[in-house]
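What the coordinates show
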Amino acid sequence: MFSLASYRYRNVLNESGGPVARLQIADMTVCGAREFLATAFLREGLTGKLWQSSVFSVADGGGTSPSPMIARFMAISEAMERWAHWQLHQSSAGCRYGFDVDPSSNGMAAFPGLHARQARSGALMEAAERFNLLHWWEGHLPAAESETPWPGVCAATICSEAPGVTVILFRRTPDGFVAYGHAAAADYAVACRKAAIEMERHALIIARYVHAHAGRLGEGLPERAHPIERRCLFFATEAGHELFLERLRSSPRRSAKRPELVFDGVVTGPWSRYADVWRVVYAPPSDRFLGLEENYFYW
């Protein structure tokens, strides 16, 4: 897709009157290859924090790429999604975009292109990924283990009628825990590439937490820690991984559901000056993914 990021993001920083307070860049490794991890932070007041983060980064957007410039553009784009989500998900206009069915940021994508529809492909793949993940975990869909090009990295492909290919990757970290990543794309190779980035981000979170807590994962979490953060750590443990493998290697317990489209369209607002935001929403199997369960595979 043709990107106008250099033009549309030219005034995105706060110093030029834009919504992004600052950008940061760091090195990371994705399955043995050097990449750049960029993070973007929005100006105060554009988003709010539903909880005080104890595990995750407080950045509003992130991007990973072999190119530091592209990584920054990706981080800015994700920050535009978060801006749109925060402004709309609890507003009276939220039901127009499916936030009454799924109040999370699932199925949102931003892209600084020639026209709004360029953002749809990213939104569609994320919506398919989340549909598959939630329905698989709740027993409606099967998954098949598959090969990856990386030693020590295992994969599972979720089978459904949703668009594209959805994969879950997982591997052991040097500390003995398990990191996961999941993604959807038009083909298996690209889905694996995207999932590998998410898996390495999870590995970084685990390593940072383990080293800060003397090798003990999950200890030291405050009472206010969000279930999403607790899940991130729980599934990295042996107990969590055993639960994951049990689900992976068992047959569906319930009938398969076809994707039920709730919303598919552009999300307009002040962010549209910088990037077009699109959202695709499929009906989730239940609202359990929004609940307090520590052992629900979603974070």
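Structure: see above.
Model, not experiment: these values are computed from the prediction.

1. Description of the overall build of the protein chain
Secondary structure assignment for the protein chain yields six helices and ten strands. Computed over the C-alpha atoms, the radius of gyration of the protein chain is 19 Å, within 12% of the 19 Å expected from 2.2 N^0.38 for a compact globule of 299 residues. Seen through its C-alpha atoms, the protein chain measures out along the principal axes to roughly 50 × 45 × 40 Å. Taking all 299 residues of the protein chain together, 51% fall into the buried category. Considering only residue pairs separated by 6 or more positions, the protein chain has 62% of its internal contacts joining residues 24 or more positions apart. Total accessible area on the protein chain is roughly 13,600 Å²; 53% of this is exposed by carbon and sulfur atoms. Computed over 31 positive and 31 negative side-chain charges, the inter-centroid distance for the protein chain is 4 Å.

2. Digging into the sheet that holds strand β2 (residues 33-42)
Strand order in the open sheet made by the three strands is β1-β2-β3, with antiparallel pairing throughout. Where the open sheet ends on each side, the last strands, each with one partner, are β1 (20-30) and β3 (61-65). Each strand of the sheet is rotated relative to its neighbour by a mean of 20°, with strand direction disregarded. Two elements, β1 and β2, share ten bridges in a ladder whose sense is antiparallel. Bridge pairing in β2 places Val 20 opposite Leu 42.

3. A few points about the nonpolar core
Most often, soluble globular proteins have nonpolar side chains that are buried together. Grouped together as the largest cluster of nonpolar side chains are 36 residues, with contacts concentrated most on Trp 136, Phe 244, Leu 248 and Phe 297. Counting residues per element, this core draws most heavily on helix α3 (residues 120-137), at ten residues. When sequence neighbours within four positions are dropped, the list of residues in contact with Trp 136 reads Leu 141, Pro 142, Ala 143, Ile 158, Ile 168, Phe 244, Arg 247, Leu 248 and Phe 297. Judged by nonpolar contacts, the second largest core, of 29 residues, contains Ala 155, Leu 169, Met 199 and Leu 217.

4. Overview of the sheet that holds strand β6 (residues 154-158)
Judged by pairing direction, the sheet is antiparallel, and its four strands sit side by side in the order β5-β6-β7-β8 without closing on themselves. Taken across any chain shown, the strands that pair with only one partner, and hence form the sheet edges, are β5 (143-146) and β8 (178-185). Across the sheet, the axes of successive neighbouring strands diverge by a mean angle of 25°, strand direction being ignored. Strand contacts of helix α4 (residues 188-212): β5, β6, β7 (165-172) and β8, with the helix running at about 150° to β8, the strand carrying the most contacts.

5. Considering the side chain of Arg 171
The topology assignment puts Arg 171 in strand β7. For Arg 171, a relative accessible area of 17% corresponds to the buried category. Reaching out from Arg 171, the side chain makes a polar contact with the side chain of Glu 200 at a distance of 2.8 Å. Beyond its immediate stretch of four places on either side in the chain, Arg 171 contacts Gly 152, Val 153, Phe 177, Val 178, Ala 179, Met 199, Glu 200 and Ala 203.

6. So, the packing of aromatic side chains
Aromatic ring pairs are reported here in terms of the distance separating the ring centres and the angle at which the planes meet. Following the criterion strictly, the structure yields 20 aromatic pairs and no others. Here the aromatic rings of Trp 136 and Phe 297 are separated by 6.1 Å at their centres, their planes lie at 85°, and the arrangement is edge-to-face. Linking Trp 136 in helix α3 with Phe 297 in the segment after β10 (276-282), this pair joins segments that are 161 residues apart in sequence. Here the two residues Trp 136 and Phe 297 agree in accessibility, since each one is buried. An aromatic cluster of at least three residues, connected via ring pairs, comprises Trp 136, Trp 137, Phe 170, Tyr 180, Phe 234, Phe 235, Phe 244, Phe 297 and Trp 299. Directly above the aromatic system of Phe 41 lies the positively charged group of Arg 22, at a separation of 3.8 Å from the ring centroid.

7. A word on the environment of Ala 207
With respect to the element layout, Ala 207 can be found in helix α4. As a C-alpha pair, Ala 207 and Phe 177 span 30 residues in sequence and 9.0 Å in three-dimensional space.

8. Some points on the pattern of salt bridges
Applying the stated criterion to the full structure yields twelve salt bridges. Residue Asp 27 is joined to Arg 34 by a salt bridge in which the shortest nitrogen-to-oxygen separation is 2.9 Å. According to the relative accessible area criterion, Arg 34 is exposed, its value standing at 55%.

Criteria and cut-off values
- Residues numbered from 1 in each chain as written.
- Predicted model: local features only at pLDDT ≥ 70, side-chain atom pairs only at ≥ 80, totals over all residues.
- Heavy atoms only, no water.
- Helix = DSSP H or I, 4+ residues; strand = E, 2+ residues; numbered from the N terminus.
- Rg over C-alpha atoms; globule rule 2.2 N^0.38 Å.
- Buried < 20%, exposed > 50% of the residue type's maximum accessible area, 1.4 Å probe, protein only.
- Contact = heavy atoms within 4.5 Å.
- Areas by Shrake-Rupley, 256 points an atom, 1.4 Å probe, with all protein chains shown as cover.
- Lys, Arg positive; Asp, Glu negative; His and termini not counted.
- Charge placed at Lys NZ, Arg CZ, Asp CG, Glu CD.
- Pairing = 2+ DSSP bridges.
- Axes fitted to C-alpha atoms, helices over the stretch in contact; angles between N-to-C directions.
- Core = buried A, V, L, I, M, F, W, Y, C linked by side-chain atoms within 4.5 Å.
- Polar contact = N/O pair within 3.5 Å; in protein donor to acceptor, adjacent residues only side chain to side chain.
- Phe/Tyr/Trp six-rings, centres within 6.5 Å; stacked < 30°, edge-to-face > 60°.
- Lys NZ or Arg CZ within 6 Å of the ring centre and 35° of its normal.
- Salt bridge = Lys/Arg side-chain N within 4 Å of Asp/Glu carboxyl O.

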